[in-house]
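Observations on the model geometry
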Amino acid sequence: MHNISLTRRSLLRGLGLLGAAGAVNPTVFAADNTLKTVKLAWGQTAVCQAPISVALKQGFFKKYGLNVEPVNFSGPTDALLQAIATGQADGGIGMALRWLKPLEQGFDVDLTVGTHGGCMRLLAPQNSGIHQVKDLVGKSVAVSDQASPIRNFFAIQLAKQGINPDTQVNWLQYPSDLFGEALRKGEVQALATDDPQGWLLKKQHNLVEVDNNLNGEYAHLTCCVLGLRGSLVRDDPATARAITQAIVDAQQWTADHPDETARIFQPFIPGSVPVADIAAMLREHTHHHHSTGAQLRSEVAVYVDELKKINVIRPDTDAQRFAEHYVPQLLTESSSHQHASTLASMSNMSS
């Protein structure tokens, strides 16, 4: 956690996946010479990124003059950040608690909109005796990796209560598809995970949701953010603004139409997850919360200060200056909410 570095190997692995996967159904999203072409990387299996499938299907990108080439990025999200910084992609969505450390190290990516909150879950069996975060002391918790944003989030909650998350909790790394088995065997007593896996594990194993990132102050904070190539924001702010506005509109459409969003997104999620389950996940997320400008800066600053508590961000980093540097003011308050008057006319667009 003290040194979250991006290795050449992880970058090459991520970029290989970025290139090999290619655009999603390129025959459907054919280039239009009248539109500005941009490459948007997205994790197609991440339900919290379902609004990207909405933006493609419902024409939100084209509405703002964009021909988006969607690229399935299934590599590590830190490699995705470097792919954006080096121009392999123009933008992508990732978790703020994963990206802030690399940004502190100087990656040239701007955060232009917070996309939603509420996809991180701390789960435990009914009879585990774990009822709140502080009950993790002396327990083993499954995580996807030691720099996981979900681990960081719950480590912050422990640190706030005077508990040392590095020495008083045993974080064990497992492949995500083995979380349920690790719990069944008693190798761990809790799971720190995100959706769709977290929601599905809770349902399949009748687990207790001990905590999540919608409690208290976090109910009004984003967890995922849209990152755009810094040079794109500086050299072509109109395109950066168009991408950001299209994502804002798609997030709100998702909040207003979770069932239809679930139907649009369902083909991308593995395991034949029922549409009703996907819609239930989307309803638990705050896709109506799409912060930009000053609001997003304040949220980023909160996370920067919180990451200091677990020694991820340097103690001398000025959280407000950091947020001002990495969060540009692309949208005016009126433009970021213009979907309120225009989305009604788009709701009847064919799906």
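Just so it is clear, the model here is predicted, and its values are computed rather than measured.

Okay, the overall build of the chain next. Looking only at helices and strands, the chain has 16 helices and ten strands in total. Counting every position in the chain, which comprises 351 residues, the buried fraction comes to 56%. Of the contacts formed within the chain by residues at least 6 apart in sequence, a portion of 80% connects residues at least 24 apart. As presented, the chain carries roughly 14300 Å² of accessible surface, and 48% of it is formed by carbon and sulfur atoms.

This next bit is on the sheet that holds strand β4 (residues 109–116). With mixed pairing, five strands are arranged side by side in an open sheet as β2-β1-β3-β10-β4. The open sheet is flanked by β2 (66–72) and β4, the only strands paired with a single partner. This sheet shows a mean twist of 30° between the axes of neighbouring strands, independent of strand direction. Note: strand β3 (residues 91–95) against strand β10 (residues 224–229), five bridges, orientation antiparallel. Counterpart to I93 in the pairing with β10 is L226. Sheet strands touched by helix α2 (residues 50–58): β1 (36–42), β2 and β3. Its angle to β1, the strand with the most contacts, is close to 150°. Lying on the sheet, helix α10 (residues 237–256) is in contact with β1, β2, β4 and β10; it crosses β4 at an angle near 15°.

Time to look at the nonpolar core. Membership of the largest hydrophobic core comes to 98 residues, with the highest contact counts inside it found for F61, L100, L103, L111, L122, L136 and V300. Tallying contributions element by element places α10 first for this core, with eight residues. The residues contacting L100, other than those within four sequence positions of it, are L111, V300, Y303, V304, L307, I313 and F322. Core analysis: the next-biggest nonpolar cluster, separate from the first, contains ten residues, Y174, F179, L183 and L191 among them.

The next subject is the packing of aromatic side chains. Tallied over the full model, the rule gives five aromatic pairs. Relative to F268, the ring of W42 lies with its centre 5.2 Å away and its plane at 70°, an arrangement referred to as edge-to-face. Of this pair, W42 sits in strand β1 while F268 sits in the loop between α11 (258–265) and α12 (275–284), placing them 226 residues apart in sequence. A centroid spacing of 5.1 Å and a plane angle of 80° characterise the contact between F153 and F154, whose relative ring orientation is edge-to-face. Each member of the pair, F153 as well as F154, is classed as buried. One aromatic cluster in this structure is built from W42, F265 and F268.

Let us look at unusual backbone geometry. The omega torsion of the bond from D195 to P196 falls at 10°, within 30 degrees of zero and hence cis. Positioned with a positive phi, N311 is a non-glycine residue whose angle comes to about 65°. Mapped onto the fold, N311 is located in the loop between α13 (293–308) and α14 (319–326). With relative accessibility at 44%, the residue N311 sits in the partly exposed group.

Here the structure, examined in full by the defined rule, presents 21 salt bridges. Here K36 makes a salt bridge to D236, at a shortest N to O gap of 3.5 Å. Taken together, the residues K36 in strand β1 and D236 in the loop between α9 (230–235) and α10 connect sequence positions 200 residues apart. For K36, a relative accessible area of 38% gives the class partly exposed. The partner of E181 in a salt bridge is R184, and the shortest N-O contact between them spans 2.6 Å.

With four bridges joining them, strand β6 (residues 140–143) and strand β7 (residues 170–173) adopt parallel strand pairing. From the neighbouring strand, A142 faces β7, where its bridge partner is L172. In this region the chain leaves β6, passes through helix α6 (residues 149–160) and returns to the parallel neighbour β7; the handedness of that crossover is right-handed.

Here the focus is the pairing of β3. In terms of residue burial, β3 counts as a mostly covered element, since five of its five residues are buried. Of the two faces of β3, the one holding G91, I93 and M95 and the one holding G92 and G94 are both buried throughout. Of the strand pairs in this sheet, β1 and β3 are connected by two bridges, and their pairing is parallel. Considered in β3, the bridge of A41 is made with G92.

Quick look at α14 now. Within α14, burial applies to A319, F322, A323 and Y326. Mapping the buried residues of α14 onto a view down its axis gives an arc of 95°, with all of them on the same face. Of the exposed residues in α14, the ones pointing more than 90 degrees away from its buried face are R321 and H325. Between the side-chain oxygen at the start of α14 and the backbone nitrogen of Q320 there is a gap of 3.0 Å, and the oxygen is on D318.

Right, let's talk about the packing of helix α5 (residues 96–104) against α13 for a bit. One way to put it is that α5 packs onto α13 with a least axis distance of 10 Å and a crossing angle of 75°. In terms of axis orientation, α5 runs roughly perpendicular to α13. When α5 is examined against α13, the residues A96, L97 and L100 are found in contact with a partner set consisting of V300, Y303, V304 and L307. A per-class count over the contact of α5 with α13 returns seven nonpolar, no polar and no charged.

What counts as what
Residues numbered from 1 in each chain as written. Predicted model: local features only at pLDDT ≥ 70, side-chain atom pairs only at ≥ 80, totals over all residues. Heavy atoms only, no water. Helix = DSSP H or I, 4+ residues; strand = E, 2+ residues; numbered from the N terminus. Buried < 20%, exposed > 50% of the residue type's maximum accessible area, 1.4 Å probe, protein only. Contact = heavy atoms within 4.5 Å. Areas by Shrake-Rupley, 256 points an atom, 1.4 Å probe, with all protein chains shown as cover. Pairing = 2+ DSSP bridges. Axes fitted to C-alpha atoms, helices over the stretch in contact; angles between N-to-C directions. Core = buried A, V, L, I, M, F, W, Y, C linked by side-chain atoms within 4.5 Å. Phe/Tyr/Trp six-rings, centres within 6.5 Å; stacked < 30°, edge-to-face > 60°. Salt bridge = Lys/Arg side-chain N within 4 Å of Asp/Glu carboxyl O. Right-handed = clockwise from strand over helix to strand, strands pointing away. Arc of directions from axis to C-beta. Polar contact = N/O pair within 3.5 Å; in protein donor to acceptor, adjacent residues only side chain to side chain. Parallel < 35°, antiparallel > 145°, perpendicular 65-115°, else oblique. Nonpolar A, V, L, I, M, F, W, Y, C, P; charged D, E, K, R; others polar.

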